[in-house]
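Each chain, letter by letter, is given below.
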Amino acid sequence: MTQQPHILYIEDNRDNQRLVQRILGARGYTVMIAPDGMTALALARETLPVLILVDINIPGLDGYETTTRLKSMAHLHETPVVALTADVSPGARERALVAGCDGYLSKPIDPRQLPEQVLAFISGKREFVPPGVETPMLRAYNQKVVERLEQRVRELMQAHNELQEIDRLKNRFLSSLSHELRTPLTSLLGYIDLLNRGMFGDLNELQQEALEVLQRNGDLLNRQLNNLIYLQEYRSLPLALVAVDLTEMARRLVQELQPKVERSGVQLILQADSEICFDADRVALELALTNVLDNALKFTSTGGSINLMLHNEPSRVIIVISDTGIGIPPEALDKIFIPFYRIDHPTVSSQPGNGIGLALVQHIVEAHGGQITVRSTPAKGSTFTVTLPKHQDTQPDQAATV
Ligand code: ADP
């Protein structure tokens with residue numbers, strides 16, 4: 001079966017769209033509709049219509065500008081573009097031709113004539129601007145395009161300034177919010193710790209259970225708040241490099257995660273070379289490790305396992321965190337490092353999180369001159385590998401956009 005020839009019709013008026021579709025559809029054409037110039041350009045990039053009909057008065061880029069852009073596309077050089085417009089003012093035809101149109105048809109659309117008019121252009125008919133008129137018209141057209149461009153640039157600059165101001169206010173708000181939350185949360189966590197250590201007497205079983213719930217939710221809030229504070233403040237500061245024993249840090253983190261590991265019914269195994277010492281930002285590195293481990297725990301169901309392996313090499317440290325969890329679909333592998341991105345999966349939606357963890361991890365790793373990669377098989381598990389150089393070669397500007 002041969003494909004029906006396509007006509008692209010650029011028109012925002014629904015009645016005209018339907019009318020042209022009906023008239024030309026009856027003659028064996030498939031009429032694609034673009035309600036504005038930008039949609040038309042996107043459609044035209046992917047198709048090769050036999051003809052393009054363009055209304056001049058359309059939203060966004062007008063019909064003249066859309067035509068000029070269409071005519072600059074190499075694959076459309078031979079495709080006739082015909083203005084189909086209600087503008088019948090003096091010079092309207094010439095203006096359309098100067099912008100690049102190959103012909104001009106005035107509205108109202110005549111259903112009896114349109115198929116023949118269209119066929120004539122498809123068969124090679126072309127209209128031209130009379131000599132002597134073209135140069136002044138071209139100059140006027142160019143001037144109008146540049147004026148419109150100038151106006152758009154002005155609007156964009158204003159919108160950009162407004163967005164920057166909103167961003168500044170948002171940052172100020174987030175910064176003060178995180179500090180206001182930090183003080184009461186520290187006090188809550190402190191009292192939970194005192195209760196846990198029996199400083200206020202022995203607790204009965206029910207009180208113990210209630211305390212566990214408090215501890216769990218307090219820890220969750222604490223992690224989210226740490227991410228927020230890092231995002232708002234520390235990521236724009238230079239790294240505070242100190243000698244860090246990674247093995248010791250990992251042991252402590254694994255120990256701290258133990259209650260959560262037991263509750264989840266998974267196994268968390270640490271395999272580490274002893275004493276991996278190198279210069280790193282302790283707070284940032286701990287935040288990065290916590291986030292990746294926390295994800296492994298969140299996305300691995302009961303019975304699964306998580307392995308944290310630390311390798312000490314002469315010039316670098318390799319951290320491998322693998323889990324037997326839900327895995328990550330191939331198309332999402334490079335998106336998970338984008339701030340606020342979360343995979344659309346029931347397990348992900350049921351877990352706390354806001355999608356900034358891995359963006360922070362990537363920022364921290366790269367600020368240390370390292371890199372993070374991920375391999376994953378859906379429903380089988382994921383492996384995150386972090387490589388950090390031992391001799392810091394950090395970028396002067398740590399403030400990568402997170
Ligand atoms: P959050 O965990 O707060 O949603 P992250 O930035 O840490 O945000 O992770 C982004 C997304 O990447 C998660 O929402 C999840 O969809 C996916 N992801 C991260 N780690 C894992 C993992 N170990 N297994 C499966 N999916 C993961």
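Residues numbered from 1 in each chain as written. Predicted model: local features only at pLDDT ≥ 70, side-chain atom pairs only at ≥ 80, totals over all residues. Heavy atoms only, no water.

Caption draft 1: Quick look at the overall build of the protein. Helix and strand content of the protein: 11 helices and 12 strands. Against the 2.2 N^0.38 benchmark of 21 Å for 402 residues, the protein shows a C-alpha radius of gyration of 32 Å, more extended than a compact globule. Each of the 402 residues in the protein was classed as buried or not, and the buried ones make up 40%. A separation threshold of at least 6 residues defines the contact pool for the protein, and within that pool the share at least 24 residues apart is 70%. Working note: accessible area of the protein is about 22,300 Å², and carbon and sulfur atoms make up 56% of it. (Helix = DSSP H or I, 4+ residues; strand = E, 2+ residues; numbered from the N terminus. Rg over C-alpha atoms; globule rule 2.2 N^0.38 Å. Buried < 20%, exposed > 50% of the residue type's maximum accessible area, 1.4 Å probe, protein only. Contact = heavy atoms within 4.5 Å. Areas by Shrake-Rupley, 256 points an atom, 1.4 Å probe, with all protein chains shown as cover.)

Caption draft 2: Molecular detail of a nonpolar patch on the surface. A grouping of L149, V153 and M157 is seen on the molecular surface, where their side chains present a nonpolar patch of about 290 Å² in accessible area. In this fold, V153 is placed in helix α6 (residues 134–196). (Patch = residues over 30% accessible without salt bridge, like charges linked within 9 Å, V, L, I, M, F, W, Y side chains within 5 Å. Salt bridge = Lys/Arg side-chain N within 4 Å of Asp/Glu carboxyl O.)

Caption draft 3: Spotlight on the sheet that holds strand β9 (residues 305–312). In space, the 5 strands of this open sheet follow the order β7-β9-β10-β12-β11, with mixed pairing throughout. Looking at strand neighbours, the two that pair on one side only are β7 (267–272) and β11 (371–377), the edges of this open sheet. Between one strand axis and the next, the sheet turns through 10° on average, direction left out of account. Note that β9 and strand β10 (residues 316–323) share 7 bridges and pair antiparallel. (Pairing = 2+ DSSP bridges. Axes fitted to C-alpha atoms, helices over the stretch in contact; angles between N-to-C directions.)

Caption draft 4: Representation of the environment of D193 in the model. Note that D193 resides in helix α6. D193 sits 178 residues away from D15 along the chain, and the two C-alpha atoms are 71 Å apart.

Caption draft 5: Region of the structure containing the environment of V266. As for its position among the elements, V266 is in the loop between α8 (246–264) and β7. The class for V266 is buried, based on a relative accessible area of 9%. Residues contacting V266, with those up to four places away along its chain left out, are V261, L297, T300, S301, T302, G303, G304 and I306.

Caption draft 6: Seen up close, the packing of aromatic side chains. In the structure shown here, the tally under the stated rule is 2 aromatic pairs. Here Y64 and Y141 contribute two aromatic rings whose centre-to-centre distance is 6.4 Å and whose plane-to-plane angle is 75°, an arrangement assigned as edge-to-face. Placement of the pair is Y64 in helix α3 (residues 63–71) and Y141 in helix α6, with a sequence separation of 77 residues. Of the residues examined, Y64 reaches a relative accessible area of 8% and is grouped as buried. Classification of Y141 as buried rests on a relative accessible area of 12%. (Phe/Tyr/Trp six-rings, centres within 6.5 Å; stacked < 30°, edge-to-face > 60°.)

Caption draft 7: Structural detail: the site of the ligand. Residues in contact with the ligand amount to 21 residues; listed here are only the nearest, N295, K298, D323, R342 and L358. D323 is positioned such that a nitrogen or oxygen atom in its side chain is 2.9 Å from a nitrogen atom of the ligand. Here an oxygen atom of the ligand sits 3.2 Å away from a polar atom, N or O, in the main chain of G357. Taking 530 Å² as the accessible area of the ligand by itself, protein coverage stands at 98%. Of all the secondary-structure elements, those providing two or more residues to the shell around the ligand are α9 (282–298), α11 (357–367) and β12 (381–389). (Near = heavy atom within 4 Å. Polar contact = N/O pair within 3.5 Å; in protein donor to acceptor, adjacent residues only side chain to side chain.)

Caption draft 8: Highlighting the sheet that holds strand β3 (residues 51–54). The strand order across the open sheet built from 5 strands is β2-β1-β3-β4-β5, with neighbouring strands paired in parallel fashion. Edge positions in the sheet fall to β2 (30–34) and β5 (103–106), since each of these pairs with one other strand and no more. Adjacent strand axes in the sheet meet at a mean angle of 25° when their direction is disregarded. Strand direction decides the pairing type here: strand β4 (residues 81–85) and β5, joined by 4 bridges, are parallel. Across the sheet, A83 pairs through a bridge with Y104, a residue of β5. Packing against the sheet, helix α1 (residues 14–25) makes contact with β1 (6–10), β2, β3 and β4, and its axis sits at approximately 165° to β2.

Caption draft 9: The arrangement of the packing of α8 against α9 in detail. Axis separation between α8 and α9 bottoms out at 11 Å; the angle between their running directions is 30°. When the interaxial angle is binned, α8 and α9 end up roughly parallel. Read as a crossing pair, α8 and α9 show a hand that is right-handed. Where α8 approaches α9, its residues L246, M249, R252, L253, L257, K260, V261 and S264 are matched on the opposing element by R282, L285, E286, L289, T290, L293, D294 and L297. Class assignment for the residues of the contact of α8 with α9 results in 9 nonpolar, 2 polar and 5 charged. (Parallel < 35°, antiparallel > 145°, perpendicular 65-115°, else oblique. Left-handed = near helix turned anticlockwise from the far one by under 90°. Nonpolar A, V, L, I, M, F, W, Y, C, P; charged D, E, K, R; others polar.)

Caption draft 10: How the structure looks around the confidence of the model for the protein. For the protein, mean pLDDT is 92; residues scoring 70 or higher make up 97% of the total. Across residues 394–402, confidence stays below pLDDT 50; counting only partners more than four residues off in sequence or on other chains, it has 24 contacts. (pLDDT = per-residue confidence, 0-100.)

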